[in-house]
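In case you want the letters, here they are:
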Amino acid sequence: MIPDTIVNLDISELWKIPLEDKVLAARPEDETGNFTINFPLCKDGFVNPTNYFNSGVIVINLEKLRGNYETLQAGIKFIAENPQYGDYMDQEILNYCFSKDMVKLPKKFNLFVRSERGNTDSKIIYSICHYLGLGASLNLNMNDKFNRLWFSYFEKTTWFNADIIAHFYEEFVKFNVSQKNLAIQISALMSGKSRAFFTAAPNVDFIIKVFSVQEGEEIIPAVNQESLNVLKESMKASAGKKVYFILISNDYYSLRADLMKNGFVEGRDFVNAVQFLSDAHGVPLDTHNLLKAL
């Protein structure tokens, strides 16, 4: 497992946080509760949304915890019997048991990197930086202060060695091969077919410029639910004659599921246009697989 937390402050600051008579101290996932209100435990009334905490960094009063053995056991039993509340397992158990018996930590002691990207405050990195399982929170862009911080610590560990470089190279070769295979697949896919585009209305000019859209190539602006119906009808009418390039940002995968449910095939009838875009278009290189190789 890749470590996802960097302690970039004097840890004694955290130890000095008074636990009062509480079992633990932790940072709330969302101080406003606007985000956590939809978490199952919060939605069903077991935990106040403003109290739901992240278990990535916690300080535990061990004496108090041992005195709450039965409460903890009951929490484990509850989550085991109600898997709909177990997405984050240990976090859900701890929240179920102790969300009313905790001290709220300032965010510097569990800074969610994904939420702080772009923050220009130079002091904010003096924190316990939580990369939230890495994923979208870490990439190879060394111009970003959080990425550079993680790697500056990683290079000091015993895990940073020749094998790491070898794994990284092997993964890069795989990535390069996959990109070339994609180009070949698209070449074959487009044989005897024309292009069409489905994108959010504000992106139409962008699509025309980046994909050099020619006169007569169809563009369907995504405005509302009716736009999706227009897309489906157009795809039915031009089956086997057009390939639809879809650019709908975060909604692509739900749209893909809908289209496949209606008999359309990804890679034959439609493709995700995002995979053809680069940093120059505002779409960063996805380095997740390269990082997994580390």
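Keep in mind it's a predicted model, so treat the numbers as computed, not measured.

Criteria and cut-off values
- Residues numbered from 1 in each chain as written.
- Predicted model: local features only at pLDDT ≥ 70, side-chain atom pairs only at ≥ 80, totals over all residues.
- Heavy atoms only, no water.
- Helix = DSSP H or I, 4+ residues; strand = E, 2+ residues; numbered from the N terminus.
- Rg over C-alpha atoms; globule rule 2.2 N^0.38 Å.
- Buried < 20%, exposed > 50% of the residue type's maximum accessible area, 1.4 Å probe, protein only.
- Contact = heavy atoms within 4.5 Å.
- Lys, Arg positive; Asp, Glu negative; His and termini not counted.
- Charge placed at Lys NZ, Arg CZ, Asp CG, Glu CD.
- Pairing = 2+ DSSP bridges.
- Axes fitted to C-alpha atoms, helices over the stretch in contact; angles between N-to-C directions.
- Core = buried A, V, L, I, M, F, W, Y, C linked by side-chain atoms within 4.5 Å.
- Patch = residues over 30% accessible without salt bridge, like charges linked within 9 Å, V, L, I, M, F, W, Y side chains within 5 Å.
- Areas by Shrake-Rupley, 256 points an atom, 1.4 Å probe, with all protein chains shown as cover.
- Salt bridge = Lys/Arg side-chain N within 4 Å of Asp/Glu carboxyl O.
- Phe/Tyr/Trp six-rings, centres within 6.5 Å; stacked < 30°, edge-to-face > 60°.
- Lys NZ or Arg CZ within 6 Å of the ring centre and 35° of its normal.

A. Expanded view of the overall build of the protein chain. Tallying secondary structure elements over the protein chain gives twelve helices and ten strands in all. In terms of overall size, the protein chain is more extended than a compact globule, its C-alpha atoms giving a radius of gyration of 24 Å where 294 residues would be expected to give roughly 19 Å. Seen through its principal axes, the protein chain has C-alpha atoms that stretch 75 × 50 × 35 Å. Per-residue burial over the protein chain gives 39% buried out of 294 residues. Summarising the internal contacts of the protein chain: among those between residues at least 6 apart in sequence, 65% fall at separations of at least 24. Charged side chains of the protein chain number 30 positive and 35 negative; the gap between the two group centres comes to 2 Å.

B. Layout of the sheet that holds strand β4 (residues 102–104). Read across the open sheet, the three strands follow the order β3-β2-β4; overall the sheet is mixed. With one partner strand each, in any of the chains shown, β3 (53–60) and β4 form the two edges of the open sheet. Across this sheet, the average inter-strand angle for adjacent strands is 35°, counted without regard to direction. Examined bridge by bridge, strand β2 (residues 24–28) and β4 share three bridges and lie parallel to one another. Across the sheet, alanine 26 pairs through a bridge with lysine 104, a residue of β4. Helix α5 (residues 90–98) contacts β2, β3 and β4 of the sheet and is inclined by roughly 65° relative to β3.

C. Layout of the nonpolar core. In this structure, Leu24, Leu41, Tyr52, Phe53 and Phe98 are the most contacted members of the largest nonpolar core, which totals 17 residues. Counting only elements with at least two residues in this core, the list comes to β2, α2 (40–43), α4 (69–81) and α5. If one sorts the elements of this core by residue count, α5 sits on top with four residues. When sequence neighbours within four positions are dropped, the list of residues in contact with tyrosine 52 reads Pro28, Glu29, Thr36, Phe39, Leu41, Cys42, Val47, Tyr88, Gln91, Glu92 and Asn95. Tyr131, Leu138, Ile164 and Leu291 belong to the second-largest nonpolar core, a separate cluster that totals 16 residues.

D. Quick peek at the environment of leucine 228. Along the polypeptide, leucine 228 turns up in helix α10 (residues 225–237). Note: C-alpha distance between leucine 228 and leucine 255 (27 residues apart in sequence) is 8.7 Å.

E. Fine view of the side chain of glutamine 91. You can see glutamine 91 is positioned in helix α5. Leave out the neighbours within four places in its chain, and glutamine 91 touches Glu29, Tyr52, Phe53, Asn54 and Ser55.

F. Here's a closer look at a nonpolar patch on the surface. Side chains of Val7, Ile11 and Trp15 sit close together on the surface and give an oily, nonpolar patch of about 290 Å² of accessible area. Of note, tryptophan 15 is situated in helix α1 (residues 12–15).

G. Geometry of the side chain of serine 234. Of note, serine 234 is situated in helix α10. Discounting residues that sit within four places of it in the chain, serine 234 has contacts with Glu218, Ile220 and Tyr244.

H. Quick peek at the packing of aromatic side chains. Taken as a whole and assessed by the stated rule, the structure comprises 16 aromatic pairs. Consider the rings of phenylalanine 78 and tyrosine 85, whose centres lie 5.4 Å apart with planes at 20°: the pair is stacked. By relative accessible area, which is 6% here, tyrosine 85 ends up buried. Looking at arginine 27, its charged tip hangs above the ring of phenylalanine 112, at a distance of 4.0 Å from the centre. A cation over an aromatic ring shows up here: lysine 156 above the ring of tyrosine 153, its NZ or CZ 5.4 Å from the ring centre.

Just geometry here; none of it tells us what the structure is for.
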